[in-house]
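If you want the building blocks of each chain, they are given just below.
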Amino acid sequence: MPDFALTRRAMNVAVGALLSGCCLVAAAQNNPSRPVRMVVPWPPGTPADVAGRIVAEHMAAGLGQPVVVENKPGAVGTIGMLDALRQPADGHTLYLLSSASLVAPLLYPAQKIDFQKSLDVVGHLSWNYNVLAVAEASPHKSTQELVQAAKARPGELNFGSGGNGTPAHLAGELFKQQTGTQMTHVPYNQFTMAVSDLLAGRVDFMFLTATAAIPQIAGGKLRALGTTGSQRLPLLKGVATMTEQGYSSFVLRSFDMVTVKAGTPRPIVERLNSELNRALTSSGVKDKLDALALDIEPMTPAQSAKVLATESDKWMQIGRSAQIKVD
(Lines give C-alpha, C1' and ligand atoms only; values in the text may rest on other atoms or scores of the structure.)
Protein backbone atom coordinates (compact mmCIF):
# COMPACT_ATOMS: atom_id res chain seq x y z
CA MET A 1 0.00 0.00 0.00
CA PRO A 2 1.23 3.51 -0.70
CA ASP A 3 2.78 5.51 2.13
CA PHE A 4 0.42 8.49 2.16
CA ALA A 5 2.63 10.44 4.58
CA LEU A 6 5.59 10.20 2.21
CA THR A 7 3.38 11.06 -0.75
CA ARG A 8 2.02 14.09 1.07
CA ARG A 9 5.55 15.28 1.93
CA ALA A 10 6.65 14.84 -1.68
CA MET A 11 3.65 16.85 -2.86
CA ASN A 12 4.43 19.59 -0.35
CA VAL A 13 8.03 19.76 -1.57
CA ALA A 14 6.89 19.95 -5.19
CA VAL A 15 4.34 22.65 -4.44
CA GLY A 16 6.94 24.57 -2.44
CA ALA A 17 9.42 24.42 -5.31
CA LEU A 18 6.75 25.57 -7.76
CA LEU A 19 5.75 28.49 -5.54
CA SER A 20 9.41 29.42 -5.02
CA GLY A 21 9.99 29.44 -8.76
CA CYS A 22 6.91 31.57 -9.31
CA CYS A 23 8.10 34.02 -6.65
CA LEU A 24 11.51 34.32 -8.32
CA VAL A 25 9.93 34.99 -11.71
CA ALA A 26 7.60 37.57 -10.19
CA ALA A 27 10.57 39.20 -8.44
CA ALA A 28 12.41 39.45 -11.75
CA GLN A 29 9.39 40.96 -13.47
CA ASN A 30 9.06 43.57 -10.72
CA ASN A 31 12.81 44.23 -10.62
CA PRO A 32 14.25 46.82 -10.57
CA SER A 33 11.91 48.64 -8.24
CA ARG A 34 14.19 51.67 -7.89
CA PRO A 35 17.14 53.27 -9.77
CA VAL A 36 20.02 50.95 -10.60
CA ARG A 37 23.66 51.80 -9.87
CA MET A 38 26.37 50.86 -12.34
CA VAL A 39 29.70 50.98 -10.53
CA VAL A 40 32.51 51.79 -12.97
CA PRO A 41 35.88 51.28 -11.25
CA TRP A 42 37.74 53.64 -13.58
CA PRO A 43 37.93 57.44 -13.91
CA PRO A 44 35.44 59.37 -16.06
CA GLY A 45 36.36 59.50 -19.73
CA THR A 46 38.18 56.15 -19.85
CA PRO A 47 36.97 53.69 -22.54
CA ALA A 48 35.14 51.51 -20.00
CA ASP A 49 33.41 54.55 -18.50
CA VAL A 50 32.31 55.90 -21.89
CA ALA A 51 31.02 52.49 -23.03
CA GLY A 52 29.29 51.89 -19.71
CA ARG A 53 27.44 55.20 -19.88
CA ILE A 54 26.27 54.56 -23.44
CA VAL A 55 24.90 51.14 -22.54
CA ALA A 56 23.44 52.27 -19.19
CA GLU A 57 21.31 54.90 -20.90
CA HIS A 58 19.75 52.33 -23.24
CA MET A 59 19.32 49.66 -20.57
CA ALA A 60 17.35 52.13 -18.49
CA ALA A 61 14.63 52.35 -21.12
CA GLY A 62 14.01 48.60 -21.02
CA LEU A 63 14.28 48.27 -17.25
CA GLY A 64 11.93 51.17 -16.59
CA GLN A 65 14.34 52.69 -14.08
CA PRO A 66 17.35 55.02 -14.40
CA VAL A 67 20.75 53.32 -14.52
CA VAL A 68 23.10 55.72 -12.77
CA VAL A 69 26.85 55.40 -13.42
CA GLU A 70 29.10 55.95 -10.40
CA ASN A 71 32.88 56.08 -10.80
CA LYS A 72 34.80 54.35 -8.02
CA PRO A 73 38.40 54.17 -9.30
CA GLY A 74 41.43 52.78 -7.54
CA ALA A 75 43.44 49.60 -6.89
CA VAL A 76 42.93 48.25 -10.44
CA GLY A 77 39.17 48.22 -10.03
CA THR A 78 38.94 46.48 -6.68
CA ILE A 79 37.75 49.53 -4.74
CA GLY A 80 34.69 49.68 -6.96
CA MET A 81 34.15 45.94 -6.68
CA LEU A 82 34.28 45.98 -2.88
CA ASP A 83 31.71 48.78 -2.91
CA ALA A 84 29.43 46.71 -5.15
CA LEU A 85 29.85 43.62 -2.96
CA ARG A 86 28.66 45.53 0.10
CA GLN A 87 25.24 45.93 -1.52
CA PRO A 88 22.39 43.38 -1.51
CA ALA A 89 22.42 40.69 -4.21
CA ASP A 90 19.19 41.94 -5.74
CA GLY A 91 20.22 43.31 -9.15
CA HIS A 92 20.08 46.97 -8.18
CA THR A 93 23.87 47.30 -8.24
CA LEU A 94 25.85 46.44 -11.36
CA TYR A 95 29.64 46.25 -11.48
CA LEU A 96 31.55 46.82 -14.73
CA LEU A 97 34.37 44.28 -14.68
CA SER A 98 37.32 44.90 -17.00
CA SER A 99 40.34 42.83 -18.01
CA ALA A 100 42.52 45.39 -16.26
CA SER A 101 41.28 44.01 -12.92
CA LEU A 102 42.08 40.36 -13.58
CA VAL A 103 45.61 40.47 -12.14
CA ALA A 104 44.45 42.08 -8.89
CA PRO A 105 44.98 38.77 -7.02
CA LEU A 106 48.70 39.06 -7.86
CA LEU A 107 48.91 42.69 -6.80
CA TYR A 108 46.87 42.33 -3.60
CA PRO A 109 47.26 38.69 -2.49
CA ALA A 110 46.21 39.44 1.08
CA GLN A 111 42.70 40.39 -0.09
CA LYS A 112 42.00 36.87 -1.43
CA ILE A 113 40.24 38.30 -4.49
CA ASP A 114 38.24 35.80 -6.56
CA PHE A 115 36.13 37.44 -9.26
CA GLN A 116 34.51 34.21 -10.37
CA LYS A 117 33.27 33.36 -6.88
CA SER A 118 32.33 36.89 -5.79
CA LEU A 119 30.48 37.93 -8.94
CA ASP A 120 27.78 36.53 -11.21
CA VAL A 121 28.25 37.57 -14.82
CA VAL A 122 25.28 39.29 -16.47
CA GLY A 123 26.78 39.59 -19.93
CA HIS A 124 29.61 40.71 -22.14
CA LEU A 125 29.75 44.35 -23.19
CA SER A 126 32.67 44.75 -25.60
CA TRP A 127 36.22 43.87 -26.62
CA ASN A 128 38.96 46.46 -26.88
CA TYR A 129 42.29 45.94 -28.65
CA ASN A 130 45.64 47.59 -28.15
CA VAL A 131 47.74 49.58 -30.58
CA LEU A 132 51.54 49.64 -30.41
CA ALA A 133 52.10 53.37 -30.79
CA VAL A 134 55.02 55.81 -30.84
CA ALA A 135 55.08 59.59 -31.11
CA GLU A 136 54.93 60.88 -34.67
CA ALA A 137 58.43 62.36 -34.20
CA SER A 138 59.84 59.01 -33.05
CA PRO A 139 62.78 57.64 -35.07
CA HIS A 140 61.15 54.18 -34.97
CA LYS A 141 59.10 53.79 -38.14
CA SER A 142 58.16 50.12 -37.68
CA THR A 143 57.93 47.40 -35.08
CA GLN A 144 61.10 45.85 -36.48
CA GLU A 145 63.03 49.11 -36.03
CA LEU A 146 61.76 49.40 -32.47
CA VAL A 147 62.88 45.85 -31.68
CA GLN A 148 66.28 46.41 -33.28
CA ALA A 149 66.80 49.55 -31.18
CA ALA A 150 65.82 47.66 -28.02
CA LYS A 151 68.28 44.88 -28.77
CA ALA A 152 71.04 47.36 -29.51
CA ARG A 153 70.45 49.23 -26.24
CA PRO A 154 69.17 46.74 -23.63
CA GLY A 155 67.10 48.36 -20.92
CA GLU A 156 67.31 51.88 -22.37
CA LEU A 157 64.01 52.00 -24.22
CA ASN A 158 60.95 52.47 -22.05
CA PHE A 159 57.20 52.03 -22.32
CA GLY A 160 54.42 53.65 -20.34
CA SER A 161 51.17 52.47 -18.80
CA GLY A 162 48.44 53.65 -16.48
CA GLY A 163 49.86 51.48 -13.70
CA ASN A 164 51.16 48.05 -12.79
CA GLY A 165 48.98 45.21 -14.02
CA THR A 166 47.02 47.28 -16.52
CA PRO A 167 46.60 45.94 -20.09
CA ALA A 168 49.17 48.47 -21.36
CA HIS A 169 51.70 47.15 -18.85
CA LEU A 170 51.03 43.47 -19.54
CA ALA A 171 51.04 44.03 -23.31
CA GLY A 172 54.48 45.61 -22.94
CA GLU A 173 55.69 42.67 -20.87
CA LEU A 174 54.36 40.23 -23.47
CA PHE A 175 56.15 42.28 -26.15
CA LYS A 176 59.43 41.89 -24.24
CA GLN A 177 58.89 38.13 -23.96
CA GLN A 178 57.98 37.73 -27.63
CA THR A 179 60.92 39.79 -28.89
CA GLY A 180 63.54 38.66 -26.37
CA THR A 181 64.36 42.25 -25.42
CA GLN A 182 64.96 44.21 -22.22
CA MET A 183 62.86 47.37 -21.90
CA THR A 184 61.87 49.46 -18.91
CA HIS A 185 58.29 49.81 -17.74
CA VAL A 186 57.25 53.27 -16.52
CA PRO A 187 53.95 53.13 -14.56
CA TYR A 188 51.93 56.32 -14.14
CA ASN A 189 49.32 57.12 -11.53
CA GLN A 190 47.08 58.50 -14.26
CA PHE A 191 46.60 57.12 -17.75
CA THR A 192 46.40 60.64 -19.22
CA MET A 193 49.87 61.46 -17.88
CA ALA A 194 51.33 58.41 -19.62
CA VAL A 195 49.73 59.47 -22.91
CA SER A 196 51.04 63.02 -22.51
CA ASP A 197 54.60 61.76 -22.03
CA LEU A 198 54.23 59.43 -25.02
CA LEU A 199 53.14 62.36 -27.20
CA ALA A 200 56.08 64.42 -25.92
CA GLY A 201 58.56 61.62 -26.64
CA ARG A 202 59.51 61.11 -23.00
CA VAL A 203 58.19 57.55 -23.34
CA ASP A 204 59.45 55.52 -26.30
CA PHE A 205 56.30 53.53 -26.95
CA MET A 206 53.05 52.39 -25.41
CA PHE A 207 50.32 49.83 -26.01
CA LEU A 208 47.32 52.15 -26.01
CA THR A 209 43.72 50.98 -26.26
CA ALA A 210 42.44 51.51 -29.78
CA THR A 211 39.79 53.83 -28.36
CA ALA A 212 42.46 56.17 -26.98
CA ALA A 213 44.97 55.74 -29.80
CA ILE A 214 42.90 56.27 -32.93
CA PRO A 215 42.05 59.98 -32.37
CA GLN A 216 45.75 60.73 -31.74
CA ILE A 217 46.77 58.76 -34.83
CA ALA A 218 44.15 60.51 -36.95
CA GLY A 219 45.39 63.85 -35.63
CA GLY A 220 48.95 63.10 -36.71
CA LYS A 221 50.33 62.98 -33.16
CA LEU A 222 50.97 59.25 -32.89
CA ARG A 223 52.16 56.58 -35.31
CA ALA A 224 50.70 53.06 -35.12
CA LEU A 225 53.21 50.23 -35.55
CA GLY A 226 50.93 47.27 -34.89
CA THR A 227 47.69 46.05 -33.35
CA THR A 228 47.05 43.16 -30.96
CA GLY A 229 43.92 41.59 -32.44
CA SER A 230 43.70 38.41 -34.48
CA GLN A 231 42.51 40.55 -37.41
CA ARG A 232 43.15 44.13 -38.48
CA LEU A 233 41.02 46.78 -36.86
CA PRO A 234 38.34 48.28 -39.16
CA LEU A 235 39.45 51.82 -38.26
CA LEU A 236 43.15 50.98 -38.79
CA LYS A 237 43.06 48.72 -41.83
CA GLY A 238 46.50 49.87 -42.97
CA VAL A 239 48.17 48.74 -39.74
CA ALA A 240 49.34 45.12 -39.59
CA THR A 241 48.60 42.94 -36.57
CA MET A 242 51.44 41.71 -34.39
CA THR A 243 50.80 38.18 -35.67
CA GLU A 244 51.14 39.39 -39.27
CA GLN A 245 54.51 40.83 -38.27
CA GLY A 246 55.80 37.47 -37.12
CA TYR A 247 54.77 37.39 -33.45
CA SER A 248 52.43 34.42 -33.69
CA SER A 249 51.37 34.34 -30.03
CA PHE A 250 50.77 38.07 -29.70
CA VAL A 251 46.98 38.25 -29.63
CA LEU A 252 45.69 40.33 -26.76
CA ARG A 253 42.30 41.88 -26.15
CA SER A 254 40.56 43.45 -23.19
CA PHE A 255 36.95 42.99 -22.21
CA ASP A 256 34.33 44.90 -20.29
CA MET A 257 31.42 42.93 -18.89
CA VAL A 258 28.46 43.64 -16.65
CA THR A 259 28.32 41.67 -13.40
CA VAL A 260 26.31 41.54 -10.17
CA LYS A 261 27.02 40.24 -6.70
CA ALA A 262 27.12 36.44 -6.52
CA GLY A 263 23.84 34.97 -5.33
CA THR A 264 21.61 37.35 -7.28
CA PRO A 265 18.46 35.39 -8.26
CA ARG A 266 18.86 33.80 -11.69
CA PRO A 267 15.69 35.28 -13.21
CA ILE A 268 16.99 38.77 -12.34
CA VAL A 269 20.36 38.00 -13.97
CA GLU A 270 18.57 36.71 -17.07
CA ARG A 271 16.43 39.82 -17.32
CA LEU A 272 19.44 42.10 -16.96
CA ASN A 273 21.21 40.06 -19.65
CA SER A 274 18.24 40.46 -21.97
CA GLU A 275 18.20 44.24 -21.51
CA LEU A 276 21.97 44.48 -21.91
CA ASN A 277 21.94 42.53 -25.18
CA ARG A 278 18.94 44.50 -26.43
CA ALA A 279 20.88 47.71 -25.77
CA LEU A 280 24.01 46.41 -27.50
CA THR A 281 22.17 45.42 -30.66
CA SER A 282 20.28 48.70 -30.99
CA SER A 283 21.59 50.80 -33.86
CA GLY A 284 22.25 53.85 -31.68
CA VAL A 285 24.51 51.96 -29.28
CA LYS A 286 26.28 49.90 -31.92
CA ASP A 287 27.17 52.96 -33.99
CA LYS A 288 28.58 54.76 -30.96
CA LEU A 289 30.67 51.79 -29.80
CA ASP A 290 31.90 51.11 -33.35
CA ALA A 291 33.14 54.71 -33.48
CA LEU A 292 35.13 54.01 -30.30
CA ALA A 293 36.77 50.96 -31.95
CA LEU A 294 34.97 48.68 -29.50
CA ASP A 295 33.98 45.24 -30.76
CA ILE A 296 30.49 44.23 -29.56
CA GLU A 297 29.78 40.57 -28.89
CA PRO A 298 26.48 39.95 -27.02
CA MET A 299 26.56 36.74 -24.96
CA THR A 300 24.50 34.75 -22.50
CA PRO A 301 25.56 34.78 -18.84
CA ALA A 302 27.05 31.30 -19.25
CA GLN A 303 29.05 32.28 -22.33
CA SER A 304 30.31 35.41 -20.58
CA ALA A 305 31.34 33.42 -17.51
CA LYS A 306 33.36 31.11 -19.74
CA VAL A 307 35.13 34.14 -21.26
CA LEU A 308 35.90 35.41 -17.77
CA ALA A 309 37.48 32.09 -16.81
CA THR A 310 39.56 31.85 -19.98
CA GLU A 311 40.73 35.47 -19.93
CA SER A 312 41.54 35.29 -16.22
CA ASP A 313 43.88 32.38 -16.86
CA LYS A 314 45.57 34.22 -19.74
CA TRP A 315 46.13 37.53 -17.94
CA MET A 316 47.24 35.84 -14.73
CA GLN A 317 49.80 33.81 -16.68
CA ILE A 318 51.24 36.96 -18.25
CA GLY A 319 51.24 38.68 -14.85
CA ARG A 320 53.07 35.81 -13.18
CA SER A 321 55.66 35.66 -15.98
CA ALA A 322 56.26 39.40 -15.56
CA GLN A 323 56.38 39.04 -11.74
CA ILE A 324 54.18 42.10 -11.38
CA LYS A 325 53.71 43.73 -8.00
CA VAL A 326 52.55 46.97 -6.45
CA ASP A 327 55.29 49.62 -6.35
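Here's what I pulled together on the structure shown here. None of these values were measured; they are calculated from a predicted model. Counting of residues starts from 1 at the beginning of each chain's written sequence and follows it residue by residue. The predicted origin of the model limits local features to residues at a pLDDT of at least 70 and limits the giving and counting of side-chain atom pairs to 80 or more, whereas totals for whole chains, interfaces and linings rest on all residues. Hydrogens and water molecules were not included; the side-chain quantities draw on all heavy atoms of the structure.

## Remarks on the overall build of the protein chain
Here's step 1: Helix and strand counts for the protein chain stand at 12 helices and 10 strands.
Here's step 2: Taking all 327 residues of the protein chain together, 50% fall into the buried category.
Here's step 3: Only the protein chains shown count as cover for residues, with accessible areas throughout obtained via the Shrake-Rupley method and a probe of 1.4 Å. Of the roughly 14700 Å² of accessible surface on the protein chain, 55% is carried by carbon and sulfur atoms.
Here's step 4: Positive and negative side-chain charges in the protein chain, numbering 29 and 25 respectively, have mean positions lying 3 Å apart. Numbering goes from the N terminus for both helices and strands, where a helix is a DSSP run of H or I of at least four residues and a strand is a run of E of at least two. Classification of residues uses two cut-offs on accessible area relative to the type maximum, computed with a 1.4 Å probe and protein chains only: under 20% is buried, over 50% is exposed, and between them is partly exposed. The convention is simple: Lys and Arg are positive, Asp and Glu are negative, and His and the chain ends are not counted. Charge positions come from single atoms, namely NZ of Lys, CZ of Arg, CG of Asp or CD of Glu.

## Structural notes on the side chain of His124
Here's step 1: Relative to the helices and strands, His124 resides in strand 4 (residues 119-135).
Here's step 2: Take His124: its relative accessible area is 0%, and that puts it in the buried class.
Here's step 3: We call two N or O atoms a polar contact when they sit within 3.5 Å, provided that within protein one can donate a hydrogen and the other can accept it, with sequence-adjacent residues counted only if both atoms are side-chain atoms. From its side chain, His124 meets the backbone oxygen of Glu297 in a polar contact 3.2 Å long.
Here's step 4: Note on contacts: a residue pair is in contact if any heavy atoms of the two residues lie within 4.5 Å. Apart from the residues lying within four places of it in its own chain, the contact partners of His124 are Phe255, Asp256, Met257, Leu276, Leu280, Glu297, Pro298, Met299 and Ser304.

## Remarks on the packing of helix 10 (residues 266-281) against helix 11 (residues 283-291)
Here's step 1: Fitting a line to C-alpha atoms yields each axis, with helices limited to the stretch in contact; the angle taken between N-to-C directions then spans 0 to 180 degrees. Here helix 10 crosses helix 11 at 70°, and the two axes come no closer than 5 Å. Accordingly, the angle class assigned to the pair helix 10 and helix 11 is roughly perpendicular. Facing Ala279, Leu280 and Thr281 of helix 10, the residues of helix 11 in contact are Ser283, Val285, Lys286 and Leu289. Working rule for angles: under 35 degrees goes down as roughly parallel, over 145 as roughly antiparallel, 65 to 115 as roughly perpendicular, anything else as oblique.

## Here's the deal with helix 9 (residues 210-218)
Here's step 1: All of the buried residues in helix 9 are Ala210, Thr211, Ala213, Ile214 and Ile217. Around the axis of helix 9, the buried residues are gathered within 165° of arc, so they sit on the same side.
Here's step 2: Among the structural elements, helix 2 (47-63), strand 4, strand 7 (205-209) and strand 8 (222-227) are those in contact with the buried residues of helix 9.
Here's step 3: Looking one or two residues beyond helix 9, the residue adopting positive phi is Gly220, at roughly 80°. As used here, the arc belongs to the directions running from the helix axis to the C-beta atoms.

## Points about helix 2
Residues lying three or four places apart along an α-helix face the same way, a consequence of the helix completing one turn every 3.6 residues.
Here's step 1: For a helix, the expected span equals 1.5 Å multiplied by the residue count minus one. Between its first and last C-alpha, helix 2 extends 24 Å over 17 residues, near the 24 Å set by a 1.5 Å rise per residue.
Here's step 2: Within helix 2 the residues assigned to the buried category are Pro47, Ala48, Asp49, Ala51, Gly52, Ile54, Val55, Ala56, Met59, Ala60 and Leu63.
Here's step 3: Directly after helix 2, the chain includes Gly64, whose backbone phi takes a positive value near 75°.

## With respect to the packing of aromatic side chains
Here's step 1: Note on aromatic contacts: the rings of Phe and Tyr and the six-membered ring of Trp form a pair at centre separations within 6.5 Å, being stacked when their planes are under 30 degrees apart, edge-to-face when over 60 apart, and tilted otherwise. Enumeration according to the criterion identifies eight aromatic pairs in this entry.
Here's step 2: Ring centres of Phe159 and Phe205 lie 5.4 Å apart, and the angle between their planes is 25°; on these two criteria the pair is classed as stacked. Of this pair, Phe159 sits in strand 5 (residues 158-161) while Phe205 sits in strand 7; the two residues are 46 residues apart in sequence, bridging distant segments of the chain.
Here's step 3: Assessed through its relative accessible area of 0%, Phe159 is described here as buried.
Here's step 4: A ring pair is formed by Phe175 and Phe207, whose centres lie 5.6 Å apart and whose planes are at 70°; its orientation type is edge-to-face. Of the two residues, Phe175 is situated in helix 7 (residues 167-179) and Phe207 in strand 7; the sequence distance between them amounts to 32 residues.
Here's step 5: Through successive ring pairs, a cluster of aromatic residues spans Phe159, Phe175, Phe205, Phe207, Tyr247 and Phe250.
Here's step 6: Geometrically, a lysine NZ or arginine CZ counts as sitting over a ring once it is within 6 Å of the ring centre and also within 35 degrees of the ring normal. It is Arg253 that lies over the ring of Trp127; its NZ or CZ is 3.5 Å from the centre.

## Overview of the pairing of strand 5
Looking along a regular strand, one sees the side chains alternate between the two faces of the sheet.
Here's step 1: Residues Asn158 and Gly160 of strand 5 are buried on one face, and the alternating residues Phe159 and Ser161, pointing to the opposite face, are buried as well.
Here's step 2: Strand pairing is defined by DSSP finding a minimum of two bridges between the two strands. In this sheet, strand 6 (residues 184-187) lies alongside strand 5 in parallel orientation, the contact comprising four bridges. Across the sheet, Phe159 pairs through a bridge with His185, a residue of strand 6.
Here's step 3: Handedness of a crossover: with both strands directed away from the viewer, a clockwise path from the first strand across the helix to the second marks it as right-handed. Note that the unit made of strand 5, helix 7 and strand 6 has a crossover that is right-handed.
Here's step 4: In terms of strand pairing, strand 5 meets strand 7 through two bridges, oriented parallel. Bridge pairing links Phe159 to Phe205 in strand 7.

Read these as geometric descriptors, not functional statements.
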